[in-house]
Amino acid sequence: MVLGMKHMSPSQEEKIQEVIEKSGLLALISEEGAGEEILLAKEALKIILEDKGLKVCQFPERTKELENKWSFILPTGEDNHFLYSTSILIPKNKINIQEISYSDDDEHVGVNIDSKNKAVAKEDVIFKPHPIAFDAAIYFASNDNSISEECLTRLAEKTILPKKEEIITIAPDYETIAEKVFNIFGVIEPQAAMDNTLIPHLLLASLLIETNNFEEWTKEGTLDTASALLKMGADKEAIDQSLGEAGGESFVRILGRAMARTFVNKQLKSVWAFISSDDLKKTGNEKPSAATLYRIIRKISRLTKPQFVFVLLWQAGESVSAAIKANDDQKDLPGKIKNFLEAKEDGGFLLCGPYKNFSEAEIKIQETLKKVV
C-alpha cells in the first residue's frame, strides 16, 4: 500500500492508525545506498512511532557517516529494540537427559545438564537462531513505488516481515519524501510532531537535500511544508552550514573541472561528463561520496540543454565507474538501460562499472544507449 497523498484517503488513514494500534514491533526499511533525504526522513518517522509506544528497528542501521554529519539533529541512544532469540538443541538420541537447570552469576548464565549415558560435549550442541518477527513494515523506495525483491530477500535471512502487499511504501513522486512523512504525522498525532524538537530539523534537512535547496522542486505544497517546519523551530542556518561543509569550495572546484569536460551527444540524446583521478586529487575529493557525484550530475544537467540521459564517468584508482540519470520524463528508460548494463539502482541513479578505462566505459554505455533511446 502506497502512502503520501497530500490529503490521505480514509483507507490510507485507517491503515496508518491500524499500524499504530495493532503493531508492537515495526521495521523501517530503506535500500542500501539510499540518499540522505530518505535516511533523515526515516529517522524522523522513527521518533514519532516510538513516541506512540511502538518498538522500531531500522534496516539498514544508521551509518557512522550519517551520525558524524548530522549528529546535532539525530537522536542518541540504542537504535535497535528487538530481542534476538536462539534455541540450544541437544539430540535426544545421543544424550539421555535427566534434568536441566540454569545458574546465574556476575559473568555467566549457565545451562546445567544432568545426563545418564555421557557428558554433553560441544559437538553435541546445536545453536538455532530464530528470525525476528515484525508486526508491520514501512518501506522507503528510492525512485518509484516498487519494493526491491533483493532487499526483501536479504532481510528474510534474519527477519519475518508482513506479506509484500501489506508493507506500507513511501516513495517520491509529486511529493517529496519529507512531505509524505510530515503528512503521516498529521494522521498519527499532530501535537507529537510539534513537541519533539528533532523532527522539524530532520524533515527540513531531508527537504533541502531532496529539492537541492529548492532549486529542483518549487511546488506550493513543498514550500508550505518548509514554512510549517520553520514555524515548528527547524534551524535552517545550522542545516545549511552542514550542507555547505559537504559542498563548499572543494565541491565548486570539482564541479568546474567536470563542466570543462562535458559535452552533448545529440545522436544518443545524452550529456556526458568526465572526472579524472587528478581532478579528484587536486580538488580534495580523493574519495567522493555518491551524494557528491549525484549533485554534480544535477548541477550540470540544469546548465545544459535537456537530454534523455546524463552520464558521469569518474576515475577511481585504476578503474572507471559511471553514474547514469535519466530525465524525469523518461520513466521507462532506467529499466531499459539496466537490461543491457550490469547496473545497480541507487536513489534514481544507475551505477555501473568498474571499467578498465574511459574508452571501455564510453563504448559499452553508448552501445546500450543506441538500443534504448
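Please read all numbers here as calculations on a predicted model, not as lab measurements. (Residues numbered from 1 in each chain as written. Predicted model: local features only at pLDDT ≥ 70, side-chain atom pairs only at ≥ 80, totals over all residues. Heavy atoms only, no water.)

Re the overall build of the chain
Of the regular secondary structure elements, the chain holds 14 helices and 17 strands. Along the first, second and third principal axes, the C-alpha set of the chain runs to 80 × 50 × 40 Å. When burial is assessed residue by residue, the chain has 45% of its 373 residues classed as buried. If you take every contact in the chain between residues at least 6 apart in sequence, the share linking residues at least 24 apart comes to 69%. Surface accessibility of the chain: about 20,000 Å² in total, with carbon and sulfur atoms responsible for 50%. When the 46 basic and 59 acidic side-chain charges of the chain are each reduced to a single mean position, those positions are 7 Å apart. (Helix = DSSP H or I, 4+ residues; strand = E, 2+ residues; numbered from the N terminus. Buried < 20%, exposed > 50% of the residue type's maximum accessible area, 1.4 Å probe, protein only. Contact = heavy atoms within 4.5 Å. Areas by Shrake-Rupley, 256 points an atom, 1.4 Å probe, with all protein chains shown as cover. Lys, Arg positive; Asp, Glu negative; His and termini not counted. Charge placed at Lys NZ, Arg CZ, Asp CG, Glu CD.)

Some thoughts on helix α2 (residues 36-51)
Spanning 16 residues, α2 covers 23 Å between terminal C-alpha atoms, matching the ideal 22 Å at 1.5 Å per step. Among the 16 residues of α2, 14 are classified as buried, and the element is accordingly described as predominantly covered. One or two steps after α2, the chain reaches G53, where phi turns positive at roughly 100 degrees. (Expected span 1.5 Å × (residues − 1).)

Considering the sheet that holds strand β16 (residues 343-346)
Ordered in space as β12-β13-β14-β15-β17-β16, the 6 strands form an open sheet in which the pairing is mixed. If you trace the sheet from one side to the other, it starts and ends with β12 (262-265) and β16, each paired once. Across the sheet, the axes of successive neighbouring strands diverge by a mean angle of 25 degrees, strand direction being ignored. For strand β13 (residues 270-275) and strand β14 (residues 309-316), the ladder comprises 6 bridges, and the chain directions are parallel. What sits directly across from A273, in β14, is L312. Helix-sheet contacts for helix α10 (residues 249-260) involve β12 and β13, and the interaxial angle to β13 is about 125 degrees. (Pairing = 2+ DSSP bridges. Axes fitted to C-alpha atoms, helices over the stretch in contact; angles between N-to-C directions.)

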